[in-house]
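Coordinate analysis (summary)
So you can see what is in the structure, the chains are spelled out below.
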Amino acid sequence: MTVLGHPRSWSCRWWPLLLLLLLIGREPGVEAVTHYKAGDPVILYVNKVGPYHNPQETYHYYQLPVCCPEKIRHKSLSLGEVLDGDRMAESLYEIRFRENVEKRVLCHMQLSSAQVEQLRQAIEELYYFEFVVDDLPIRGFVGYMEESGFLPHSHKIGLWTHLDFHLEFHGDRIIFANVSVRDVKPHSLDGLRPDEFLGLTHTYSVRWSETSVERRSDRRRGDDGFFPRTLEIHWLSIINSMVLVFLLVGFVAVILMRVLRNDLARYNLDEETTSAGSGDDFDQSDNGWKIIHTDVFRFPPYRGLLCAVLGVGAQFLALGTGIIVMALLGMFNVHRHGAINSAAILLYALTCCISGYVSSHFYRQIGGERWVWNIILTTSLFSVPFFLTWSVVNSVHWANGSTQALPATTILLLLTVWLLVGFPLTVIGGIFGKNNASPFDAPCRTKNIAREIPPQPWYKSTLVHMTVGGFLPFSAISVELYYIFATVWGREQYTLYGILFFVFAILLSVGACISIALTYFQLSGEDHRWWWRSVLSVGSTGLFIFLYSVFYYARRSNMSGTVQTVEFFGYSLLTGYVFFLMLGTISFFSSLKFIRYIYVNLKMD
């Protein structure tokens, strides 16, 4: 397939985005509705085609041998639409507001055997097309395929050469649009000789009807019957998550605090007895987490990398919360293409200051001196893996002629946004964090020589902690994760943002509780190396999410092909990495708060 050129008009409306970041092309919560008079022309844009089971494998509609104008005129698109793979162009369909049309000829075509084979291959791969009328997407299959019988086996392929457009209006506005091939017979593409041409006549009909529905948002997605209906509330996921979080919180609040109370009472009593008695050092007869109080706040190795992980993790916590809150406020219209993509880019650029501040602030607190290197590491920790992943995925799309391959203007725009907004905000946040950092508040003094760590049983190893700490948070979101995957990598439409916010809060709560419990068990074994262990234990949830993505691809989806496979596993790996950063940050700060609490309440000289 030949890649069509990308018009320069795409970049013209994007430069105001760079200057006015809060606009992102259009206001997110406003529906783009055009008012018409009877007889006014209604432009129908052709957009893209692709395999039904590969949502991210899309091609320009005019890459198929279909009715095409002599000069292709593209519609000016927003950034989110381009990122979503949209490439809208004007069509030959003539539609006028409230004027019905019966079997009007669109064009006559003479297809060569190679063009017929291209159509046959597209139909066998269940290609669907997407048109856009007044910002309303309408979809249908390119052709018809029938498999019947075993002996004899029949394989029939036909092309839809007639389309029926059904449009509903209320007053002077279009509310709903759909396309169907009901009561239409497909044109057979079988039995064509290699040197023979196939003559086709494409026709269409337009039918208008009035509706009492006043707003597009009142029409449920899925009413057209092409894609599944909007997901309903799934109580199993909610109940499963609630039960797990209550059990974990109860475990930490009741069992762990009771053990801590007993430990504190025993340690403080032993301290008073030792002070009034022989005066020997309590280290000679003590054990458990008290004995390592001179090592528990010993700064870890690779502190610059640790602070960068915490900074980027805090940034994605703010980014994820911001996206969900914007969705709860109704700022994402289901009829808007790529609105969430635009919002994610905007929030990522603006929240770079958070990563710089958190990383530099904590780095200076724990005695770091190379703060410039720390800022560079922080800004590269996510951007470099993302760029490498995107480069591979975009190259595969470009080699296959997919519309998901970003044009050069879009790449330059995104790079400019990062260079002029994201990176400077990271530096500014880092400067503020460094200047506002106070000395690390450690309740206990740290000795110069580290205490030897006794041999640990196998169930206190890093691998076991990562398994337990990653599996429990994953199990709290496993059911909800299916619906999210079905939305991102399938044809579902997710609108239960309130439930998503609730599950997101549960995930963070479970991660914090598990981190505290595992850190306590580690310290009880006189192992003071909790800094990196706390990040890895709950951060390993990202690994479980990636393993689930492998299971979803193999067992829960019908995706196939190089283009879709590379994109799925590339971005799934990146998603697992983001969850590692987020949950590792929550885990670390929860453990730090817990450790400070128990050692502040411990009586020591």
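Shown above is the structure to which this text applies.
Here's a quick rundown of the structure. On a predicted model such as this, the values are computed, not experimentally measured, just so you know. Counting starts from 1 at the beginning of each chain's written sequence and moves along it residue by residue. For this predicted model, a pLDDT threshold of at least 70 governs which residues receive local features, and a threshold of 80 or more governs which side-chain atom pairs are given and counted, while totals over whole chains, interfaces and linings are taken from all residues. The side-chain quantities take in all heavy atoms of the structure and omit both hydrogens and water.

Some points on the nonpolar core
- What we call a nonpolar core is a set of buried Ala, Val, Leu, Ile, Met, Phe, Trp, Tyr and Cys residues that are connected through their side-chain atoms within 4.5 Å. Remark: exposure states derive from per-residue accessible area (1.4 Å probe, protein chains only) relative to the maximum for the residue type, with buried under 20%, exposed over 50%, and partly exposed in between. Counting 100 residues, the largest nonpolar core has Phe362, Leu523, Phe588 and Tyr599 as the members making the most contacts within it.
- In this analysis, two residues are considered to be in contact whenever any of their non-hydrogen atoms come within 4.5 Å of each other. When near neighbours in sequence (up to four residues on either side) are disregarded, phenylalanine 362 contacts Cys307, Leu310, Phe440, Trp531, Phe588 and Leu592.

Re empty space enclosed by the protein
- In this analysis the probe radius is 1.4 Å and the grid spacing 1 Å, with only protein atoms considered; a cavity is a set of points the probe fits into but cannot get out of, a pocket is an open set with protein on both sides within 12 Å along at least five of seven lines, and lining residues have an atom within 4 Å of a point. Grid points are joined across faces, edges and corners, and a volume is the space filled by probe spheres set on the points. Taken as a whole and assessed by the stated rule, the structure comprises seven cavities of 30 Å³ or more.
- Counted as a void, the largest cavity has a volume near 210 Å³.
- Along the wall of the largest cavity there are 21 residues; nearest its centre are Tyr61, Tyr93, Trp160, Leu163 and His202.
- Only runs of H or I of at least four residues qualify as helices and only runs of E of at least two qualify as strands under DSSP, and these elements are numbered from the N terminus. Breaking the lining of the largest cavity down by element, the ones donating at least two residues are strand 7 (127-133) and strand 14 (198-210).
- Classifying every residue of the lining of the largest cavity gives 17 nonpolar, four polar and no charged. Note on residue classes: Ala, Val, Leu, Ile, Met, Phe, Trp, Tyr, Cys and Pro are nonpolar, Asp, Glu, Lys and Arg are charged, and everything else, Gly too, is polar.

Focus: the sheet that holds strand 11 (residues 162-170)
- One open sheet holds the four strands; their spatial order is 6-14-11-12, and the pairing between them is mixed. In this open sheet, the two strands that pair with only one neighbour each are strand 6 (101-111) and strand 12 (173-180). Neighbour-to-neighbour, the strand axes of this sheet turn through a mean angle of 20°, independent of strand direction.
- Think of it this way: DSSP has to see at least two bridges between two strands before they count as a pair. With eight bridges joining them, strand 11 and strand 14 adopt parallel strand pairing. For phenylalanine 169, the partnering residue across the bridge sits in strand 14 and is glutamate 210.
- Only the contacting stretch of a helix is used when fitting its axis, a line to C-alpha atoms as for every element, and angles between N-to-C directions run 0 to 180 degrees. Contacting strand 6 and strand 14, helix 4 (residues 113-124) crosses the sheet at an angle of about 125° to strand 6.

A short note on the packing of helix 9 (residues 371-399) against helix 15 (residues 562-600)
- Where helix 9 meets helix 15, the axes come as close as 9 Å, and the angle between the chain directions of the two elements is 170°. Here helix 15 runs roughly antiparallel to helix 9, going by the angle between their axes. Residues Leu381, Phe382, Pro385, Phe386, Thr389, Trp390, Val392, Val393, Val396 and His397 of helix 9 form the contact with helix 15, whose participating residues are Thr562, Val563, Val566, Glu567, Gly570, Tyr571, Leu574, Tyr577, Val578 and Leu581.
- A per-class count over the contact of helix 9 with helix 15 returns 15 nonpolar, four polar and one charged. Every angle not falling under 35 degrees, over 145, or within 65 to 115 is termed oblique; those three ranges are roughly parallel, roughly antiparallel and roughly perpendicular.

Quick look at the side chain of serine 549
- Assignment of secondary structure puts serine 549 in helix 14 (residues 541-556).
- If near-sequence neighbours (up to four positions away) are discounted, serine 549 is found in contact with Phe485, Phe568 and Ser572.

Looking at the sheet that holds strand 13 (residues 187-188)
- Spatial strand order, 9-10-13: three strands in an open sheet with antiparallel pairing. The open sheet has two free edges, formed respectively by strand 9 (143-148) and strand 13, since each of these has just one partner strand.
- Two strands pair when backbone bridges link them, and strand 9 and strand 10 (residues 154-159) are joined in this way by six bridges, in the antiparallel orientation. Its bridge partner lying in strand 10, serine 148 is registered against serine 154.
- Helix 4 contacts strand 9 and strand 10 of the sheet and is inclined by roughly 110° relative to strand 10.

A word on the packing of helix 7 (residues 339-350) against helix 10 (residues 408-435)
- As a packed pair, helix 7 and helix 10 sit with axes 8 Å apart at the nearest point and diverge in direction by 35°. Contacts between helix 7 and helix 10 pair Ile345, Tyr348, Ala349 and Leu350 from the former with Leu414, Val417, Trp418, Val421, Gly422 and Leu425 from the latter.
- When grouped by side-chain class, the residues that make up the contact of helix 7 with helix 10 number nine nonpolar, one polar and no charged.

Thoughts on the environment of glycine 140
- Mapped onto the fold, glycine 140 is located in strand 8 (residues 136-141).
- Separated by 23 residues in the primary sequence, glycine 140 and leucine 163 have C-alpha atoms spaced 9.2 Å apart.

Digging into the pattern of salt bridges
- Any carboxyl oxygen of Asp or Glu that lies within 4 Å of a side-chain nitrogen of Lys or Arg is treated as forming a salt bridge with it. Evaluated as defined, the whole model comprises twelve salt bridges.
- Note that arginine 120 is salt-bridged to glutamate 117, the shortest N-O span being 3.9 Å. Here arginine 120 pairs with glutamate 117, and both are found in helix 4, just three residues apart, close to one helical turn.
- The class of arginine 120 is buried, set by a relative accessible area of 17%.

A closer look at the state of the cysteines
- Sulfur atoms of two cysteines make up a disulfide when they are within 2.5 Å. By the definition in use, this model includes one disulfide.
- In this model, cysteine 67 is linked to cysteine 107 through a disulfide, with the two sulfur atoms separated by 1.7 Å. Across the S-S bond of cysteine 67 and cysteine 107 the torsion is about -65°, and the bridge reads as left-handed. Separated by 40 residues along the polypeptide, cysteine 67 in the loop between strand 3 (59-60) and helix 3 (79-83) and cysteine 107 in strand 6 bring together distant segments of the chain.
- Lacking any disulfide linkage, cysteine 68 is separated from the closest cysteine sulfur, that of cysteine 67, by 9.0 Å.
- Taking the relative accessible area as the measure of exposure, cysteine 68 reaches 35% and is therefore partly exposed.

Re the packing of aromatic side chains
- Two aromatic rings from Phe, Tyr or Trp, using only the six-membered ring of Trp, form a pair when their centres are within 6.5 Å; if the ring planes differ by under 30 degrees the pair is stacked, by over 60 it is edge-to-face, and anything between is tilted. Tallied over the full model, the rule gives 50 aromatic pairs.
- Positioned above the aromatic ring of tryptophan 371, the side-chain terminus of lysine 434 is 5.0 Å from the ring centre.
- Geometrically, a lysine NZ or arginine CZ counts as sitting over a ring once it is within 6 Å of the ring centre and also within 35 degrees of the ring normal. If you follow arginine 596 out to its NZ or CZ, it ends over the ring of phenylalanine 440, 4.7 Å from the centre.

Some remarks on the environment of serine 509
- Here serine 509 shows up in helix 12 (residues 497-524).
- By relative accessible area, which is 32% here, serine 509 ends up partly exposed.
- In this structure, the C-alpha to C-alpha distance between serine 509 and isoleucine 586, residues 77 residues apart in sequence, is 8.8 Å.

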